[in-house]
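Chain by chain, the residues:
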Amino acid sequence: MDWLAVVGTAFWAMLPAYVPNNAAVLAGGGRPIDGGRTWRGHRLLGDGKTWRGTAFGVAAGVALALVLDAVRPALLSLLWFDLPHFPFVPALTLSAGAMFGDVTASFLKRRTGRARGAAFPILDQLDFVVGALVLTALAAPAWFGRWFTWPVVLAVLVLTPLLHVSTNWVAFRLHLKNEPW
Ligand code: CTP
Ligand code: MG
């Protein structure tokens, strides 16, 4: 595989995992998942993790996978490498795994005394990647193994933090997010 094929595959395969966090920002608000509960003096997850944001985020990731499947044939006629299509299970696990990783990161942030919105470098950039990859590898091992080869996984781990930092900065400048990370 040439490097453009690796990067293209990585980006395409991860799109259903990239969208949920951004969609959650747009839909956030309402009841927090932890219901306001605290543990050892800190919120369990905090007000930044809501049912509405999470449900909307997961739905947005699955919806995007359907859109990608629809445009894939046209795109493949222009490309020299293959791209994954998204059966329901990986579409759901990429999306829900990303949200799960994000929620887990908030749990860890609260345990380390970080307030809602505080930065936690590296964790902030990779929580959703690890969640999406691990859940998909467990739930759809054959599909995962076919598309997430080692070079693709490496590309995901390098590319995602760069994409995450730049899209969050844009969301911050557009006043969609309160912090630039
Ligand atoms: N959001 C949500 N539900 C989620 C994830 C995000 O409602 N599962 C919404 C919230 O409005 C949140 C915003 O998206 O404030 C930004 O998400 P994020 O940066 O993940 O949350 P923070 O507010 O920064 O909180 P934390 O410190 O826990 O990450
Ligand atoms: Mg945040």
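The preceding data block contains the structure.
Parameters at a glance
Residues numbered from 1 in each chain as written. Chains lettered and ligands numbered in written order. Predicted model: local features only at pLDDT ≥ 70, side-chain atom pairs only at ≥ 80, totals over all residues. Heavy atoms only, no water. Near = heavy atom within 4 Å. Polar contact = N/O pair within 3.5 Å; in protein donor to acceptor, adjacent residues only side chain to side chain. Areas by Shrake-Rupley, 256 points an atom, 1.4 Å probe, with all protein chains shown as cover. Helix = DSSP H or I, 4+ residues; strand = E, 2+ residues; numbered from the N terminus. Salt bridge = Lys/Arg side-chain N within 4 Å of Asp/Glu carboxyl O. Buried < 20%, exposed > 50% of the residue type's maximum accessible area, 1.4 Å probe, protein only.

Student: So what about the site of ligand 1? Which residues, and what values?
Tutor: Neighbouring ligand 1 are 17 residues; Lys49, Thr50, Ser106, Arg116 and Gly117 lie closest to it. Interatomic distance of 3.0 Å between a side-chain N/O atom of Lys109 and an oxygen atom of ligand 1. Within the side chain of Arg116, an N or O atom sits 2.7 Å from an oxygen atom of ligand 1. Here ligand 1 has 560 Å² of accessible area as a free molecule, and 89% of this is covered by the chains. No other element matches the 4 residues that helix α3 (residues 88-111) contributes to the shell around ligand 1.

Student: Hey, could you go over the pattern of salt bridges for me, with residue numbers and the actual values?
Tutor: Overall, the coordinates contain 6 salt bridges when judged by the stated rule. Of the charged contacts in the structure, one is a salt bridge between Asp82 and Arg146, with a shortest N-O distance of 3.6 Å. Of this pair, Asp82 sits in the loop between α2 (51-76) and α3 while Arg146 sits in helix α5 (residues 141-147), placing them 64 residues apart in sequence. Among the residues examined, Asp82 registers a relative accessible area of 35% and is labelled partly exposed. With a relative accessible area of 46%, Arg146 lands in the partly exposed category. It is possible to trace a salt-bridge network through shared partners that takes in Asp34, Arg43 and Asp47.

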